[in-house]
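# Analysis of the macromolecular model
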Amino acid sequence: MNTLNTTTWPQGFLWGSATAAAQIEGAAHEGGKEDSIWDHYARQPLAVANGDTPEVAVDHYHRMNDDVQLMKELGLDSYRFSTSWARVVPGDRTPNAEGLDFYSRLVDSLLEANILPWLTLYHWDLPQALQEKGGWANRDTAYRFAEYAEAVYTALGDRVSHWTTFNEPLCSSLIGHVAGEHAPGLTDPNLGLAALHHQHLAHGLAANRLRELATARSREIELGITLNLTNAVPNDPSDPIDRDAARRIDGLWNRMFLEPLVLGAYPTDVIDDLREYNFEQYVQEGDLEIISAPIDFLGVNHYHDDNVSGHPAPRDATPGLRPTTKPGRSPFVGSEFVTMPPRDLPRTAMDWEVNPSGLRHLLVRLGKEYPTLPPLYVTENGASYDDTREGDAIDDPQRASYIAQHIQAVADAIADGADVRGYFVWSLLDNFEWAWGYNKRFGIVYVDYDTQERIPKQSAKEYAALIAATKAAV
Ligand code: FCB
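Okay, so let's go over this structure. (Residues numbered from 1 in each chain as written. Predicted model: local features only at pLDDT ≥ 70, side-chain atom pairs only at ≥ 80, totals over all residues. Heavy atoms only, no water.)

## Considering the overall build of the protein
Condition: Strands here are runs of E lasting at least two residues and helices are runs of H or I lasting at least four, both read from the DSSP assignment and numbered beginning at the N terminus. Here the globule rule is a power law, 2.2 Å times the number of residues to the power 0.38, and the radius of gyration is based on C-alpha atoms. The criterion used for residue contact is that any of the two residues' heavy atoms lie within 4.5 Å. Areas reported as accessible are Shrake-Rupley estimates using a 1.4 Å probe. Residue values count occlusion only from the protein chains shown. When charges are counted, neither His nor the chain ends are considered; positive counts come from Lys and Arg and negative counts from Asp and Glu. Taken as the charge centre is NZ of Lys, CZ of Arg, CG of Asp or CD of Glu, depending on the residue.
When you go through the protein residue by residue, the secondary structure sums to 15 helices and 13 strands. Here the protein has a C-alpha radius of gyration of 21 Å; the compact-globule value for 474 residues is 23 Å, and the two agree. Along the first, second and third principal axes, the C-alpha set of the protein runs to 55 × 50 × 45 Å. In the protein, the proportion of contacts linking residues at least 24 apart, taken out of those at least 6 apart, comes to 77%. Here the protein has roughly 17,700 Å² of accessible surface; of this, 48% comes from carbon and sulfur atoms. For the protein, the separation between the mean place of its 39 positive charges and that of its 68 negative charges on side chains is 1 Å.

## A short note on the site of the ligand
Where we set the bar: Whether a residue is near a molecule or strand is decided by its heavy atoms; if any one of them lies within 4 Å of it, the residue is near. Any pair of N or O atoms that falls within 3.5 Å is considered a polar contact. Within protein, one atom must be able to donate a hydrogen and the other to accept it, and sequence-neighbouring residues count only if both atoms are side-chain atoms.
The local shell around the ligand consists of Gln23, His123, Trp124, Asn167, Glu168, Tyr303, Glu380, Trp426, Glu433, Trp434 and Phe442. Take Glu380: an N or O atom from its side chain is 3.0 Å from an oxygen atom of the ligand. With respect to the ligand, the side chain of Glu433 contributes an N or O atom lying 2.8 Å from an oxygen atom. A total of 300 Å² of accessible area belongs to the ligand in isolation, and the protein chains cover 94% of it.

## Side note on the packing of helix H7 (residues 140-156) against helix H9 (residues 189-216)
Heads up, the condition is: Angles here are taken between N-to-C directions and fall from 0 to 180 degrees, while the axes themselves are lines fitted to C-alpha atoms, restricted in helices to the stretch in contact. Whether a crossing is left-handed or right-handed is set by the direction in which the near helix is turned from the far one by less than a right angle, anticlockwise for left-handed and clockwise for right-handed. Residue polarity is assigned by list, with Asp, Glu, Lys and Arg as charged and Ala, Val, Leu, Ile, Met, Phe, Trp, Tyr, Cys and Pro as nonpolar; anything else, Gly included, falls into the polar class.
Look at H7 against H9: their axes get within 8 Å of each other, and the N-to-C directions meet at 35°. As H7 runs across H9, the sense of the crossing is right-handed. The residues of H9 that touch H7, namely those facing Ala142, Tyr143, Phe145, Ala146, Glu147, Ala149, Glu150 and Tyr153, are His198, Leu201, Ala202, Leu205, Ala206, Arg209, Leu210, Leu213 and Ala214. Considering only residue class, the contact of H7 with H9 consists of 13 nonpolar, one polar and three charged.

## Here's the deal with the packing of aromatic side chains
The geometry of an aromatic ring pair is captured by the separation of the ring centres together with the interplanar angle, meaning the angle of the planes. Definition in use: Aromatic contacts are taken between Phe, Tyr and Trp rings whose centres are within 6.5 Å, Trp giving its six-membered ring; a plane angle under 30 degrees counts as stacked, one over 60 as edge-to-face, and the others as tilted. The rule is simple: take the accessible area with a 1.4 Å probe, protein chains only, and divide by the maximum for that residue type; under 20% is buried, over 50% is exposed, in between is partly exposed.
For the structure shown, the criterion picks out 37 aromatic pairs. Here the aromatic rings of Tyr122 and Trp136 are separated by 5.4 Å at their centres, their planes lie at 80°, and the arrangement is edge-to-face. Taken together, the positions of Tyr122 in strand E3 (residues 116-122) and Trp136 in the loop between helix H6 (128-131) and H7 put the pair 14 residues apart, joining distant regions of the chain. Here the two residues Tyr122 and Trp136 agree in accessibility, since each one is buried. Arranged with centres 4.7 Å apart and planes meeting at 40°, the rings of Phe145 and Phe166 form a pair that is tilted. Here Phe166 lies in strand E4 (residues 162-167) and Phe145 lies in helix H7, a separation of 21 residues in the sequence. With a relative accessible area of 1%, Phe166 lands in the buried category. Here the aromatic residues Trp38, Tyr41, Trp124, Phe432, Trp434, Tyr438 and Tyr449 are joined through ring pairs into a cluster of three or more.

## Topic: the environment of Glu55
Mapping Glu55 onto the fold places it in the loop between helix H2 (37-42) and helix H3 (60-74). Glu55 sits 45 residues away from Leu100 along the chain, and the two C-alpha atoms are 19 Å apart.

## Some remarks on the nonpolar core
Quick reminder of the rule: Here the nonpolar core consists of buried residues drawn from Ala, Val, Leu, Ile, Met, Phe, Trp, Tyr and Cys, with membership extended through side-chain atoms lying within 4.5 Å.
Residues Phe145, Trp163, Met256, Leu363, Val410, Tyr423 and Tyr463 are the most contacted members of the largest nonpolar core, which totals 149 residues. At twelve residues, the largest contribution of residues to this core is made by H9. Sequence-distant contacts of Phe145, defined by excluding residues within four places in its chain, comprise Trp85, Leu121, Tyr122, Trp136, Thr165, Phe166, Ala202 and Ala206.

## Some words on the side chain of Asp59
Tracing the chain through its elements places Asp59 in the loop between H2 and H3. Exposure remark for Asp59: the relative accessible area of 13% places this residue in the buried category. Residue contacts for Asp59: discarding those within four places in its chain leaves Ile24, Glu25, Gln452 and Arg454.

## Some details on the sheet that holds strand E5 (residues 222-228)
What counts, and what does not: Any two strands are treated as partners once DSSP identifies two or more bridges connecting them.
What the eight strands build is a closed barrel, ordered E1-E2-E3-E4-E5-E7-E10-E11; its pairing is parallel. On average, each strand axis in the sheet is inclined to that of its neighbour by 25°, with strand direction left out of account. Direction of pairing for strand E7 (residues 297-301) relative to strand E10 (residues 376-380): parallel, over a ladder of four bridges. Of the residues in E10, the one forming a bridge with Asn301 is Glu380. Most of the contacts of H7 go to E3, to which it runs at about 160°, and overall it touches E3 and E4. Contacting strand E1 (14-18), E10 and strand E11 (420-426), helix H14 (residues 397-415) runs over the sheet at an angle of about 170° to E11.

## Concerning the pattern of salt bridges
Heads up, the condition is: Should a side-chain nitrogen of Lys or Arg be within 4 Å of a carboxyl oxygen of Asp or Glu, the pair is scored as a salt bridge.
Across all of its chains, the model carries 38 salt bridges by this definition. A salt bridge links Asp92 to Arg144, with the shortest nitrogen-to-oxygen separation between them at 3.2 Å. Highlighted residues: Asp92 in the loop between helix H4 (85-88) and helix H5 (97-112) and Arg144 in helix H7, separated in sequence by 52 residues. A salt bridge links Arg399 to Asp387, with the shortest nitrogen-to-oxygen separation between them at 3.0 Å. A residue pair is termed long-range when its members are at least 10 positions apart, and Arg399 in helix H14 and Asp387 in the loop between E10 and H14 qualify at twelve residues. Residues Arg399 and Asp387 agree in their burial class; the two are buried. Within this structure, Asp244, Arg247, Asp250, Arg255, Asp269, Asp273, Arg365 and Glu369 form a network of salt bridges that share partners.

## Some details on the packing of H5 against H7
To keep things clear, this is the line we draw: Angle categories are assigned with fixed cut-offs, so that under 35 degrees is roughly parallel, over 145 is roughly antiparallel, 65 to 115 is roughly perpendicular, and the rest are oblique.
Orientation of H5 relative to H7, taken along the N-to-C sense of each, is 45°, at an axis distance of 10 Å. Considering their axes alone, H5 and H7 lie oblique with respect to each other. Regarding H5 and H7, the two cross each other, and that crossing is right-handed. Of the residues in H7, those touching H5 at Leu100, Tyr103, Ser104 and Val107 are Ala151, Val152, Ala155 and Leu156.

## With respect to the side chain of Thr164
Looking at the secondary structure, you find Thr164 in strand E4. Separated by 3.4 Å, the side chains of Thr164 and Trp118 make a polar contact. Discounting residues that sit within four places of it in the chain, Thr164 has contacts with Trp118, Leu119, Thr120, Leu121, Gly224, Ile225, Thr226 and Phe297.

Following this line, the structure appears as C-alpha cells:
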C-alpha cells in the first residue's frame, strides 16, 4: 500500500473505517434493547448460515472503549457506525435513555481520540415491533423514522456533525422484501416497492427534521445518504438483449435510488418496466419534494461490478461458467437476468470479482451523469477472505492488496475529476455478515469469536501506514 502516490489526496481527505450496530454490538437484549428484525429473522430456521445470530456479535457494546483505542492506533480520521433504532426506541415506545447513553459515550470517546463520528441512522435493523405493524411497507414507518432521528439528534447533535439517514436502501427494501434474503425475509414485490418508496420518504422527512433542528440551534450539520451503486455491464455488449438487461439492472439498482434524491423524480423507464405493480400508487403528492431535499454528501458503497445477461441461464453450464445467482440480486427481472460469472477476474471469498477499475469508473461517471450531486465519500469498500491465524499474526495479503488497489482507483478517479472526499474501509472488525453469519470475515482487525480478542491483520497495519504516509506528505 505504501507505493501509492500520497501527494494526490485533496486537503482534508478523510480516512476511515465502517461498521454497523447489528453486526458488531451484541448485547441484543441488554440495556433496554429489544428485538430488531435481524434478531427476529436470525432465529428463523435456515435464515442465517450456521444458525448464527447478532445476539453477542463481537461484543462491541462492552468493548467500545478498547475498540476506539484500536481506531486511534490505526490513525483513523473518522469512524462510520450506526445507531440501533431498537436500542434507542425499543419496542416502538419511548426513547431509551440507557441506549442513547451508549452512543453518547461512544461519541465522547471518539472525539477524545480526535476521530470524527460519522453516524448512520439506519443500517437495516428496524425494531421488530414496527415490523409487526407492517414495517417499511407501512407508510407510517417513515414518520416514525423521523421521530427516531429527532431522538438521536437531541442526544448527540451537540457533538455529531455528520449524519447519514440510510445505508443501502436497495438491500433493506428489495433484497429484504422481494428476494427474501435479508430481514424481514419477505418475497412480495408489492411490499418491496412500497418499502422502497417509504424509505425514500423517511430519508427526506428525517433530513428536513435534522436540518431544522440544527438550524434552530445554530449548529453545523452535514447530511447525506449511502447508496450501494454498481456498474451493470452487459455480458455481451454487442447483444441488444444483454444491453437491455444492463439498462434494467442499472435502473432498478442505481437510478431508482439516485434519481428521486437528486432529480426529484423516479426514472420513467423503470416505472414502465414495473407497470404490473403500479409503483406510482405509493407516491403521494409532495413526496418527491420531500425526498429531494438538498443533501451535503452522497455515500457510495461499492465492492464489485455486475455482469448481466438477458438470456436464460444455461442449465448445463459447467461449474464455474454457471451464472452466480447471488442472494436476491435480481428481484424483479426474472431468472433470465442474472449476474453472470465474473469476467475472468480474481474473486473474493464472497465470490465477488476484484475489479478496481469499476470503482474508478463509477465515481467518475456519477459526477458526469448527475452534475448536481454533492461531494462523494466511499463509505464502504473492502473484501472477505478466509483468514488463518498463525500465532498472533494474521497475514491477509489478498485483502491488503484489494484495499490498496481500490484506494488507488479512488486516487485515479479524483485525478479524472471525481469529487471524492473520503474513503472508509469495510470493516474495522470481523463481524456478523448478515445471512452469511460469522462465516465471512471482512475486518482489517481479526476477531477470535471464542475469546473476542482483537488482532490487527496485515491489512490494518498497511492501511495505518498509508494513512500516516498521506499525513506526512501534506
Ligand atoms: C454491504 C453492507 C455491510 C456489509 C458489506 C459487506 O452491503 O452495507 O453491512 O455487509 O456489504
